[in-house]
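Topology and contacts: notes
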Amino acid sequence: MSYSIQRAVSDGTLTSIALSIVYVDRSDIHVYVDDIKIDMTGGTTEYTWDWLSDTAITITPTVANDSVVLLRRVTKKDSMYHDFNAGAVFKDTTVDENFLQVLYIAQEAIEGGATED
């Protein structure tokens, strides 16, 4: 089981994917078709994507047969989500989110997704 990467091969009708990977922030999710990163809707790449919900995305146009769609979580690495010395509220949800950030970064490193973006 992969924790930070999800792949799907199109049968020529693929237009949406339910995410099986978890994330903290929507900006952590990156989408690729045949190893080419695609833009969100309004971008200039051949395919574009957008959120259908917190657990599903849509891709436009329909992904070509046998093309591989890759969803990748890339967690923020330059600082902790909540800096308690800087005044962040110390409560269970903020502590848990900081630990999730560390866990996700470790998963991405193990699965090879920590070197880009």
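Below or above, wherever it landed, is the structure these notes cover. Predicted model only: the values in this text are computed from it and were never measured.

On to the sheet that holds strand E1 (residues 5-9), then. If you walk across this open sheet you meet the four strands as E1-E8-E3-E4, and the pairing is antiparallel. A strand with exactly one partner marks an edge of an open sheet, and here the two such strands are E1 and strand E4 (36-37). In the sheet, strand E3 (residues 29-33) pairs with E4 via two bridges, with the strands oriented antiparallel. In the sheet register, Val33 faces E4, and the bridge partner there is Ile36.

Another point: the packing of aromatic side chains. Aromatic ring pairs: the centre-centre distance and the angle between the two ring planes describe each pair. Under the definition given, this model contains three aromatic pairs. Relative to Trp51, the ring of Tyr23 has its centre 5.5 Å away and its plane inclined at 40°; by these criteria the two rings are tilted. One end of the pair, Tyr23, is in the loop between strand E2 (14-18) and E3; the other, Trp51, is in strand E6 (residues 48-53), with 28 residues separating them in the sequence. With a relative accessible area of 18%, Tyr23 lands in the buried category. A relative accessible area of 13% means that Trp51 is categorised as buried. Cluster of aromatic residues (ring-pair linked, three or more members): Tyr23, Trp49 and Trp51.

Parameters at a glance
Residues numbered from 1 in each chain as written. Predicted model: local features only at pLDDT ≥ 70, side-chain atom pairs only at ≥ 80, totals over all residues. Heavy atoms only, no water. Pairing = 2+ DSSP bridges. Helix = DSSP H or I, 4+ residues; strand = E, 2+ residues; numbered from the N terminus. Phe/Tyr/Trp six-rings, centres within 6.5 Å; stacked < 30°, edge-to-face > 60°. Buried < 20%, exposed > 50% of the residue type's maximum accessible area, 1.4 Å probe, protein only.

Interpretation in functional terms is not warranted from these geometric data alone.
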